[in-house]
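Understanding the architecture of this molecule
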2 protein chains.
Amino acid sequence: MDKLSSWMERALKQLNLVSNMNQKEGFSRLGYTKEEKLSQHQFRKIAQKLGLETHQDSAGNQWAIWKVDEKVPTIALGSHLDTVYNGGGYDGVSGVLTALATVKALKDESVQPNRNIAIIAFACEESARFGVSTIGSKAICGILKTERIAHLQDLDGTTLAEAVDNCGLNWKKIKHAKLSSGDLEQFIELHIEQGKQLESTNTKIAIVSVIARPTRLKVTCQGMTNHTGTTRMGERRDALVAISPLINFIETKALEMNKRQKDSLVATVSKMQLSPNSMNMIPGEVTLGIDIRSTSAALKKEMTRSIDDFLEEIKRTRPVNIEIEKLVDDDPIQLDKAIQERLRDTCSKLGISSLTLDSGAGHDVMNMAQKWASGLIFIPCRDGISHHPKEHAEMNDLLTGTKVLIAYLKEIVITK
Amino acid sequence: MDKLSSWMERALKQLNLVSNMNQKEGFSRLGYTKEEKLSQHQFRKIAQKLGLETHQDSAGNQWAIWKVDEKVPTIALGSHLDTVYNGGGYDGVSGVLTALATVKALKDESVQPNRNIAIIAFACEESARFGVSTIGSKAICGILKTERIAHLQDLDGTTLAEAVDNCGLNWKKIKHAKLSSGDLEQFIELHIEQGKQLESTNTKIAIVSVIARPTRLKVTCQGMTNHTGTTRMGERRDALVAISPLINFIETKALEMNKRQKDSLVATVSKMQLSPNSMNMIPGEVTLGIDIRSTSAALKKEMTRSIDDFLEEIKRTRPVNIEIEKLVDDDPIQLDKAIQERLRDTCSKLGISSLTLDSGAGHDVMNMAQKWASGLIFIPCRDGISHHPKEHAEMNDLLTGTKVLIAYLKEIVITK
């Protein structure tokens, strides 16, 4: 396994386009940018070296296939290569890297699989650039709502449609990436946990049973701007003063709900914009972005309702107008029970400690699971830190994840 | 006076570069921009038509002088022509306009003054563009700290020094605008109140006794960013949740201080910046801008101290680091008592209602008053609204202000 781990060391840096994983500013490889394309190019180079057939679909997803026969089913593994701004080199890459390493190991052992094995590097999984996530996997599953998102702009004012076209793709044809249910038999994703539960319980593998998906609210509080020096305290319609209690209310409410039911929900005021945001002007308008996640749709509804009530109370007591827009409201996704069971068996046979977790973050597998039997494996990441230059996963843990994938696949693809 | 008021109607639009004062987006004529220069050009045209000598000093201040004799003292009137972003057409312009109208009236009456009368249109009074206010009048008074502010940038990244040079001036020579105390005898500014006290007491003129100047704080709260979906509520270092109670604390404290001493202080969290400010990321850093004003330095200190204590408490109870930077801390400015007295007499002789007020906002006169006997007159503005497209002053009130200036000057410049 030392040979495999040093191969993985090299491939990890290659996919991250660096010679050293210690990057002070982290990795900024956003979806549908030339940086993502460069990483995809490295993916194809590595896959071709392993003797896999590579191609790109019309959504920019990268495919590397070990094709044994047109007529046999295909098992897919994979994750994504894009990152957030100043993110880490393991979120996404870990799943692509371990999939490649798994195929390499099977080939080194001269395994003759009775299934085709496909590795997918999904395009634009992160919402960092356009505010919409998992675009590549949504396209494959045929659930991409192109009309709604074509016009979304990044910080430079480039629209999603333009960005896709700039990658040598054709936005109008992005839906052609859709596959029919017969095209795949199942899908398995490996990902870093982005949390502390494996680390704190000193467990090596988490098998995910359900994926929480966000409810996202945009709250706009409208007051009246005026001069900070000449407007008496009693004559103000300060939008910031009116809305700010919501921030602590949301934390308090979430903590209370988690006391009732341990770690059942997270809620965050993650975005905030003041207008005019000028030193001598009273804030006339404030917009907030709120991100609510739980594996229970009911708990998300409870939080949303209590936010509504709290804002009603503010409107009653402050001279402001408040509007709430529901940007996203997705129900949790249950993963395939049989696959979870088989993954658990695989771990115990290998003597690798495992536990069952919910996923607080969305992943490409949450789309794939709506069409194909799917599974999600977590490996530990240091201090639970992710989307940050400090994000780190140990090579030993990446190797352990790979061992699980190898054994899991052998169970299926080797004819006894 | 009808002739004068219709002349003022025209001049008001001319100085605002519009044919109609109703502008949905208001006026954006920032300091040291071509828009300010265009307005200054109109000022010179109007002044020259009145037979005044015009020139520009090395800070870009515009001068129009009715010179009767080198050897007699000079009385100066004036205000500024620049605005904030989407501001009103009366803040500043009112003082320049009424000064011009005053000279016109004196000339129409063929008054032979025994003083030179100067009108100053100060450059860049507003802090909107570079965060530093009253640059032109500071230069005249020799209190401009050029080293500290040369590098300050506007939204486009243009530095103050570059902006001044781009106006055909020379930043290195801006201090040459400094005058010696002998060059002027006194200075009078007329300005809109930017508050509601004249309106609510149905009074026509306010004579200002003291000008509050701001204390400005920059507070930086440093937590740790992480994924909103995977970081449990109990494991967070959310900088926004930690700092947000400060916003309501400042309002509560200010209201309490005003209860103790009516309308003695205003305090505002006017700026706020989250980082990364992304929907699926916990705020890792938040910076706030706080603006505190009072005519009592002691009350400003009391507010600043209680903010310090409150932040210490947050540091004790939340896993964040907080830094406070004092950007500005200026003491209040007392205006000349004799001039206040003479202005009061003038009003009563004219049968115009007047009251004495403090000014919550800074004005060019606060610099001039440090070198020359100075006075400040307020006229009403609708609903106290300023720095806003809705800012409005009635022509009748502008005319009343002009009458006061005319009578005040006659008292001084006509030899009995």
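Look a little higher up for the structure.
Read on for an overview of the structure. Because the structure is predicted, anything quoted here is derived from the model rather than measured.

A short note on the overall build of chain A
- Looking only at helices and strands, chain A features 13 helices and 13 strands.
- Radius of gyration (C-alpha) of chain A: 23 Å, near the 22 Å computed for a compact globule of 416 residues.
- Taking the principal axes of the C-alpha coordinates as reference, chain A spans close to 80 × 50 × 40 Å.
- When the 416 residues of chain A are sorted by exposure, 61% land in the buried category.
- Of the contacts made within chain A by residues no fewer than 6 positions apart, 78% connect residues no fewer than 24 positions apart.
- For chain A, the exposed surface amounts to about 16300 Å²; the carbon and sulfur share of it is 48%.
- The centroid of the 54 positive side-chain charges in chain A is displaced by 2 Å from the centroid of its 52 negative side-chain charges.

Digging into the interface of chain A and chain B
- Residue-level contacts link 64 residues of chain A with 64 residues of chain B.
- Taken together, both faces of the contact between chain A and chain B bury some 5300 Å²; the carbon and sulfur share is 57%.
- Counting across the chain A and chain B interface gives 26 residue pairs in polar contact (both at pLDDT 80 or more).
- Secondary-structure elements contributing two or more residues to the side of chain A that touches chain B are strand 7 (215-222), helix 8 (239-243), helix 9 (245-260), strand 8 (265-275) and strand 9 (285-294) of chain A.
- Among the elements that make up the side of chain A that touches chain B, the one with the highest residue count is strand 8 of chain A (ten residues).
- In terms of residue class, the side of chain A that touches chain B is built from 23 nonpolar, 26 polar and 15 charged.

Digging into the pairing of strand 5 (residues 186-192) of chain A
Residues and elements named next belong to chain A.
- For strand 5, the buried fraction is high: seven of the seven residues fall into the buried class.
- Alternating positions in strand 5 separate into two faces, Gln186, Ile188, Leu190 and Ile192 on one and Phe187, Glu189 and His191 on the other, with burial throughout.
- Alignment of strand 3 (residues 74-80) against strand 5, held across three bridges, turns out to be parallel. Each residue of the ladder has a partner; that of Ile75, found in strand 5, is Gln186.
- Pairing geometry for strand 5 and strand 13 (residues 373-379), over seven bridges, is parallel. Counted as the bridge partner of Glu189 is Leu376 from strand 13.

Details of the pattern of salt bridges
Residues and elements named next belong to chain A.
- As enumerated under the stated definition, the model contains 48 salt bridges over all chains in all.
- Asp69 is the salt-bridge partner of Lys71, the closest N and O atoms lying 3.0 Å from each other.
- On the basis of relative accessible area, Asp69 is assigned to the partly exposed category, the value being 26%.
- A single salt-bridge network, built from bridges that share partners, covers Lys253, Glu256, Arg260 and Glu302.

Overview of unusual backbone geometry
Residues and elements named next belong to chain A.
- For the bond from Ser275 to Pro276, the omega torsion is 5°, close enough to zero to count as cis.
- Along the chain, Pro276 turns up in the loop between strand 8 and strand 9.
- Within the chain, Leu17 stands out as a residue other than glycine whose phi angle is a positive 60°.
- Turning to its location among the elements, Leu17 is positioned in the loop between helix 1 (2-15) and helix 2 (34-49).

Overview of the nonpolar core
- Ranked by internal contacts, the top residues of the largest apolar core, which has 62 residues, are Ile243 and Met272 of chain A together with Ile243 and Met272 of chain B.
- If near-sequence neighbours (up to four positions away) are discounted, Met272 of chain B is found in contact with Leu240, Met272, Leu274 and Asn277 of chain A together with Leu240, Ile247, Val286, Thr287 and Leu288 of chain B.

Digging into the side chain of Glu302 of chain A
Residues and elements named next belong to chain A.
- With respect to the element layout, Glu302 can be found in helix 10 (residues 297-317).
- In terms of polar contacts, Glu302 uses its side chain to reach the side chain of Arg260, at 2.7 Å.
- Dropping the residues within four chain positions of it, Glu302 is found in contact with Lys253, Met257 and Arg260.

Quick look at the pairing of strand 13 of chain A
All names here are of chain A.
- Taking burial as the measure, the seven residues of strand 13 include six buried ones, the bulk of the element.
- Alignment of strand 6 (residues 205-211) against strand 13, held across two bridges, turns out to be antiparallel. Within strand 13, the residue paired with Ile207 across the bridge is Ile377.

Quick look at the relation of the copies chain A and chain B
- Superposition of chain A onto chain B requires a rotation of 180° combined with a translation of 0.0 Å along the rotation axis, giving an RMSD of 0.0 Å. Those values place the two copies in the arrangement expected of a two-fold rotation axis. Within chain A, Ser244 of chain A has its C-alpha nearest the rotation axis, a separation of 3.2 Å.
- When the interface residues of chain A are mapped onto chain B, 100% of them again lie at the interface, so the same face is used by both copies.

Thoughts on the sheet that holds strand 10 (residues 321-329) of chain B
All names here are of chain B.
- Strand order in the open sheet formed by four strands is 8-9-7-10, and the pairing between neighbours is antiparallel. Strand pairing shows two members of the sheet lacking a second neighbour, strand 8 (265-275) and strand 10, which therefore form its edges. Within this sheet the neighbouring strands show an average axis-to-axis angle of 15°, counted without direction.
- In the sheet, strand 7 (residues 215-222) pairs with strand 10 via eight bridges, with the strands oriented antiparallel. Its bridge partner being in strand 10, Thr220 is matched across the sheet by Glu323.

Quick notes on helix 13 (residues 395-413) of chain A
- Helix length check: helix 13 of chain A, at 19 residues, gives a terminal C-alpha distance of 26 Å against a target of 27 Å (1.5 Å per residue), a fit within 8%.
- Where burial is concerned, most of helix 13 of chain A is hidden: 15 out of the 19 residues are buried.

Some details on the sheet that holds strand 10 (residues 321-329) of chain A
All names here are of chain A.
- Taken together, four strands build an open sheet; the order of strands is 8-9-7-10 and the sheet is antiparallel. The strands lining the two open edges of the sheet, one partner per strand, are strand 8 and strand 10. Neighbouring strand axes in the sheet, compared pairwise and without regard to direction, differ in orientation by 15° on average.
- Two strands pair when backbone bridges link them, and strand 8 and strand 9 are joined in this way by ten bridges, in the antiparallel orientation. Each residue of the ladder has a partner; that of Gln273, found in strand 9, is Thr287.

Some details on the packing of aromatic side chains
- Summed over all chains, the structure comprises four aromatic pairs over all chains.
- Arranged with centres 4.3 Å apart and planes meeting at 15°, the rings of Phe249 of chain A and Phe310 of chain A form a pair that is stacked. Residue Phe249 of chain A is found in helix 9, and its partner Phe310 of chain A is found in helix 10; the two are separated by 61 residues along the sequence.
- For Phe249 of chain A, a relative accessible area of 22% puts it in the partly exposed group.
- Relative to Phe187 of chain B, the ring of Phe122 of chain B lies with its centre 5.5 Å away and its plane at 75°, an arrangement referred to as edge-to-face. Here Phe187 of chain B lies in strand 5 (residues 186-192) and Phe122 of chain B lies in strand 4 (residues 116-122), a separation of 65 residues in the sequence. Neither Phe122 of chain B nor Phe187 of chain B differs from the other in exposure class; each is buried.
- Positioned above the aromatic ring of Trp66 of chain A is the side chain of Lys107 of chain A, whose terminal nitrogen or guanidinium carbon lies 4.4 Å from the ring centre.

Basis of the calculations
Residues numbered from 1 in each chain as written. Chains lettered and ligands numbered in written order. Predicted model: local features only at pLDDT ≥ 70, side-chain atom pairs only at ≥ 80, totals over all residues. Heavy atoms only, no water. Helix = DSSP H or I, 4+ residues; strand = E, 2+ residues; numbered from the N terminus. Rg over C-alpha atoms; globule rule 2.2 N^0.38 Å. Buried < 20%, exposed > 50% of the residue type's maximum accessible area, 1.4 Å probe, protein only. Contact = heavy atoms within 4.5 Å. Areas by Shrake-Rupley, 256 points an atom, 1.4 Å probe, with all protein chains shown as cover. Lys, Arg positive; Asp, Glu negative; His and termini not counted. Charge placed at Lys NZ, Arg CZ, Asp CG, Glu CD. Buried area = accessible area lost by both parts, 1.4 Å probe. Polar contact = N/O pair within 3.5 Å; in protein donor to acceptor, adjacent residues only side chain to side chain. Nonpolar A, V, L, I, M, F, W, Y, C, P; charged D, E, K, R; others polar. Pairing = 2+ DSSP bridges. Salt bridge = Lys/Arg side-chain N within 4 Å of Asp/Glu carboxyl O. Core = buried A, V, L, I, M, F, W, Y, C linked by side-chain atoms within 4.5 Å. Least-squares fit on C-alpha atoms with pLDDT ≥ 70 in both. Axes fitted to C-alpha atoms, helices over the stretch in contact; angles between N-to-C directions. Expected span 1.5 Å × (residues − 1). Phe/Tyr/Trp six-rings, centres within 6.5 Å; stacked < 30°, edge-to-face > 60°. Lys NZ or Arg CZ within 6 Å of the ring centre and 35° of its normal.

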